[in-house]
Amino acid sequence: MSVGGSVGGNALMDTVVIESLEPLIAALQSAGYAVVGPTVKDAAVRMAEISSVEDLPAGVGDVQRPGNYRLAERGDEMLFDFAASPDSAKRFTQPPRQRLFRMRGQTIEEVREKAPRVALLGVRACDLAAIAVQDRVFLGRHPDPTYRRRREALFLIAVNCAVPGGTCFCVSMGTGPKATTGFDLALTELASPHRFTVESGSERGAQIVAAIPHRPADQGDLTAAEEVSRIAATRMGRHVDTEGIQQWLPAAHDSPRWTDVASRCLSCTNCTMVCPTCFCSTVEDITDLTGEVTERSERWDSCFSLDFTELSGQPPVRSSALARYRQWLTHKFATWYDQFGTSGCVGCGRCITWCPTGIDVTEELSAIRDGTGETSCIR
Amino acid sequence: MHPMTPVPYRVRSRRPDRADTVTLALEPVSGPCPFSLPGQFTMVYAHGVGEIPISLSGRGRTGALVHTIRAVGAVSQALCRKRPGDLVGVRGPYGTAFDVAGAAGLDVVVAAGGLGLAPLRTVVRELIAHRSRYGRISVIAGTRTPMTLLYPRELDRWRMAHDIDVQVIVDHPDHIWPGPVGLVTKLIDRIVFAPRRTAAFVCGPEIMMRAVADDLMARGVPARRIALSLERNMKCGVGRCGHCQLGPLLLCLDGPVVDYERVGGLLAVREL
């Protein structure tokens, strides 16, 4: 899938080193991009528009566990030493609500939603993989031109993960921690002296690099950058055995574990909201007071909602929380392959961190695979 | 064009079928009617109320998309109130079709439950168009009461003019109903077909379709030749809303018509 002129894993130019992000941010701004990066907000790392390096979360880390997220002050100069933020790129590729069309009297006019030029700074390898998953959903058999414009307007600056969180398992899903494809630029943050290696993944990425002060990376820089990703890969908080999962997970529809996990699941939809690949949506009509003009919107929905499978005059197909949890997990890790030729999970761990009762998909999967219905830990 | 944007259509004709059921023929306000296949569905939008998937129940002489709609929810009620000349939005036709041509040389069993007769009408019309290609054709239809039977005159025509064995069974007979009472599976005993050389087209409530398919299989009809039309909640019809999943299937793209070999096991899992 070719979106935004990405050219895959091979750098268009040799890796370079930049001493500061300030010229990069300025170059992106003068190229017409709103630069969106990690900031500290609501006691979490949130993606928001930044004007300079000052807005980035220097010395801020995070602690992530099932059902738990806390910021931790480290006090050093590192700007990206934290794991997945509750915000993923989904907010930009598939906004929570988008208008579709307006019906006025005898006419139907399509709403041409804006595709803002956004440069996303600090995208992780797992989130790049998630964007590639979403491309298969929205640019497949019935391609969505709005999605395509939004994707093309999105400039992706990956920052390779140095400090994975306690709920991360991108290594299991084969998506990280190093960004290898799908970015315009990929940075690795290095300490003492503080600097970044920069790899270009697209023509427009290379053009930005050419416009800012940089020097060629020397062997020391390259080795240090490789070390960051190598060490990060050894620090995964979680692990999933995906061997044969496409077969054994759907086949385990009668596992006693589903009853167990359903007793802990609140059907709150948090996991689907923070998931960078969950794409399910519903539609809503808003009619003006005259009743003449109706505007239809699409908004995020969740397979945990009771009315998700409702049909007029009949009970919902998935009435129980058991069936809804089973649908979500089985879809994410197995039947997604049947529908889109890829796993729906990229191993970012957000669903584990943001589950209010701390349900851990990796733990559930291993219990289901091992055929046990027991909970290994109750919180 | 965005896949979620409907095309303006006008109601060309409206025929009340039963107390709560209406057949609407829809034509684009401008441009030609799109091509459709038996079993496919469209997403029909009622201004300000909502959009629902509806299987096509026929094709008008001018190519109009014909829909038979029962007023059961807000959108279907709004659509049933539409009059000739009124505007609706239409997307599609979408989805898989009944492989009617693939049944050439075989006996054919068409089994309908209630409103399921609507999409199957497109199948029967296709069979009639090439009657000589098929062996024995049987249409068995179950309906709640004699008064809720769809297309009674057309059923008579099929019986009289096209050498089709049409049989109807009702759940709740009135005092003048002369025919059989019970579930549609009961009619399978009363029709003649060579099971191993038979194709079946089935549409109705899911529990009815499973009962019919299991019965046909028990008599030797191959599961791959039993085609079902499934119904699920759908918001998009184009594989992006996620609502219509049945295990590995997105029924808007992989369905609504699926064969029993593929879905029999899936339908047997509760709440899948």
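Residues numbered from 1 in each chain as written. Chains lettered and ligands numbered in written order. Predicted model: local features only at pLDDT ≥ 70, side-chain atom pairs only at ≥ 80, totals over all residues. Heavy atoms only, no water.

Re the overall build of chain B
Filter applied, for reference: Under the DSSP-based scheme used, a helix requires at least four consecutive residues in state H or I and a strand at least two consecutive residues in state E, with every element numbered from the N terminus. The globule rule is 2.2 Å times the number of residues to the power 0.38, and the radius of gyration it is compared with is taken over C-alpha atoms. Exposure classes here rest on a 1.4 Å probe applied to the protein chains alone. A residue is buried below 20% of its type maximum, exposed above 50%, and partly exposed in between. Contact criterion: two residues are considered in contact whenever any of their non-hydrogen atoms come within 4.5 Å of each other.
When helices and strands are tallied, chain B shows six helices and 14 strands. Computed over the C-alpha atoms, the radius of gyration of chain B is 18 Å, within 12% of the 19 Å expected from 2.2 N^0.38 for a compact globule of 272 residues. Projected onto its principal axes, the C-alpha coordinates of chain B cover approximately 50 × 45 × 35 Å. Per-residue burial over chain B gives 59% buried out of 272 residues. Considering only contacts in chain B between residues 6 or more positions apart, those separated by 24 or more positions represent 70%.

Notes on the pairing of strand β3 (residues 41-46) of chain B
All names here are of chain B. Short version of the rule: Strands pair, by our definition, only if DSSP identifies at least two bridges between them.
Counting buried positions along β3 yields six of six residues, so the element is predominantly enclosed. Alternating residues of β3 divide into Phe41, Met43 and Tyr45 and Thr42, Val44 and Ala46, and every residue in both groups is buried. As paired elements, β3 and strand β4 (residues 50-59) share six bridges and run antiparallel to each other. Directly across from Tyr45, in β4, lies its bridge partner Glu51. Taking the residues between adjacent antiparallel strands as the criterion, β3 and β4 are bridged by three residues, where Gly48 takes a positive phi near 80°. Where β3 and strand β6 (residues 87-94) come together, four bridges link them in antiparallel fashion. Residue pairing across strands places Val44 opposite Val90, the latter belonging to β6.

Focus: the domain arrangement of chain B
Residue and element names in this part refer to chain B. Our working rule: Where each domain begins and ends follows an automated or database-derived domain assignment. Buried area, as used here, totals the accessible surface that two parts lose on assembly, with accessibility defined by a 1.4 Å probe and the loss added over both. Put simply, a salt bridge is a Lys or Arg side-chain nitrogen that is within 4 Å of an Asp or Glu carboxyl oxygen. Contacts described as polar in this section are N or O atom pairs within 3.5 Å, which, within protein, must combine one atom able to donate a hydrogen with one able to accept it, while residues neighboring in sequence count only if both atoms come from side chains.
One can read the domain layout of chain B as domain 1 (7-94) and domain 2 (101-267). Placing the centre of domain 1 and that of domain 2 at their C-alpha centroids yields a distance of 22 Å. At the junction of the two partners, domain 1 supplies 21 residues and domain 2 supplies 25 residues. Taken over both partners, the interface formed by domain 1 and domain 2 buries close to 1,800 Å², and the fraction arising from carbon and sulfur atoms is 55%. Our count for the contact surface shared by domain 1 and domain 2 stands at zero salt bridges. Run the count over domain 1 and domain 2 and you get five residue pairs in polar contact (both at pLDDT 80 or more). Of all elements in the fold, only β1 (7-18), β2 (21-28), β3, β4, β5 (65-70) and β6 reach the threshold of two or more residues within the side of domain 1 that touches domain 2. Sort the elements by how many residues they give to the side of domain 1 that touches domain 2 and β4 lands first, with seven residues.

Observations concerning the packing of helix α9 (residues 257-264) of chain A against helix α13 (residues 361-369) of chain A
Residues and elements named next belong to chain A. We count it as follows: Helix axes are fitted to C-alpha atoms over the stretch in contact, other axes to C-alpha atoms as well, and angles between N-to-C directions run from 0 to 180 degrees. Comment on the angle field: the value is read as roughly parallel under 35 degrees, roughly antiparallel over 145, roughly perpendicular from 65 to 115, and oblique elsewhere.
Packing of α9 against α13 brings their axes to within 10 Å, and their N-to-C directions diverge by 155°. When the interaxial angle is binned, α9 and α13 end up roughly antiparallel. The residues of α13 that touch α9, namely those facing Arg257, Trp258, Val261 and Arg264, are Glu363, Glu364, Ala367 and Ile368.

With respect to unusual backbone geometry
Backbone torsion omega between Ser192(A) and Pro193(A) reads -5°, so that peptide bond is classified as cis. Relative to the helices and strands, Pro193(A) is located in the loop between β10 (185-190) and β11 (195-200). Each neighbour pair has its own omega, and for Gly255(B) with Pro256(B) the value is 5°, a cis peptide bond. In this structure, Pro256(B) sits in the loop between α5 (251-254) and β14 (257-259). We note that Ser267(A) has phi near 55°; this positive angle belongs to a residue other than glycine. With respect to the helices and strands, Ser267(A) occurs in the loop between α9 and α10 (270-274). A positive phi angle is found at Asp163(B), which is not glycine, with a value near 55°.

Remarks on the interface of chain B and chain A
The condition that has to hold: Residues are grouped as follows: nonpolar covers Ala, Val, Leu, Ile, Met, Phe, Trp, Tyr, Cys and Pro; charged covers Asp, Glu, Lys and Arg; every other residue, Gly included, is treated as polar.
Contacts between the two partners involve 41 residues from chain B and, on the opposite side, 50 residues from chain A. Across the interface of chain B and chain A, roughly 3,700 Å² is buried in total on both sides, 54% from carbon and sulfur atoms. When the buried surface of chain B facing chain A is broken down by residue, His47(B), Arg240(B) and Glu271(B) rank first, second and third, together holding 19% of it. For Glu51(B), the salt bridge is made with Arg296(A), and the minimal N-O distance between the two is 3.3 Å. On inspection of chain B and its partner chain A, the count reaches 26 residue pairs in polar contact (both at pLDDT 80 or more). When the residues that make up the side of chain B that touches chain A are grouped by side-chain class, the tally is 19 nonpolar, 13 polar and nine charged.

A word on the nonpolar core
Our working definition: What makes a nonpolar core is a set of buried Ala, Val, Leu, Ile, Met, Phe, Trp, Tyr and Cys residues whose side-chain atoms join them at distances within 4.5 Å.
In this structure, Leu120(A), Val202(B), Ile226(B), Leu228(B), Leu230(B) and Val263(B) are the most contacted members of the largest nonpolar core, which totals 78 residues. At eight residues, the largest contribution of residues to this core is made by helix α3 (residues 125-138) of chain A. Apart from the residues lying within four places of it in its own chain, the contact partners of Val202(B) are Phe98(B), Ala111(B), Leu120(B), Met208(B), Met209(B), Val212(B), Ile226(B), Ala227(B), Leu228(B) and Ser229(B). Grouped together as the second largest cluster of nonpolar side chains are 31 residues, Ala103(B), Val110(B), Ile128(B) and Leu155(B) included.

Regarding the domain arrangement of chain A
All names here are of chain A. Entries for chain A in the domain assignment read domain 1 (16-233) and domain 2 (245-369). Summarising the inter-unit geometry, the C-alpha centres of domain 1 and domain 2 are found 25 Å apart. Counting residues at the interface gives 40 residues for domain 1, matched by 41 residues for domain 2. Interface of domain 1 and domain 2: buried area, both sides summed, is about 3,400 Å²; carbon and sulfur atoms make up 59% of it. When residues of domain 1 are sorted by the area they lose upon contact with domain 2, Lys90, Arg97 and Phe169 head the list and together hold 18% of the total. For the pair domain 1 and domain 2, the interface holds four salt bridges. A salt bridge links Glu284 to Arg97; the nearest nitrogen and oxygen atoms lie 2.7 Å apart. Taken together, the links from domain 1 to domain 2 amount to 26 residue pairs in polar contact (both at pLDDT 80 or more). Contributing elements (two or more residues each) for the side of domain 1 that touches domain 2: β4 (60-65), β5 (68-73), α2 (90-93), β6 (97-104), α3 and α5 (170-173). With nine residues, α3 is the single largest residue contributor to the side of domain 1 that touches domain 2.

Some details on the sheet that holds strand β14 (residues 293-300) of chain A
Residues and elements named next belong to chain A. The antiparallel open sheet is built from four strands, whose spatial order is β7-β6-β14-β13. The open sheet terminates on both sides in strands that have one partner only, identified here as β7 (107-110) and β13 (281-287). Strand-to-strand twist of the sheet, defined as the mean angle between neighbouring strand axes without regard to direction, takes the value 25°.

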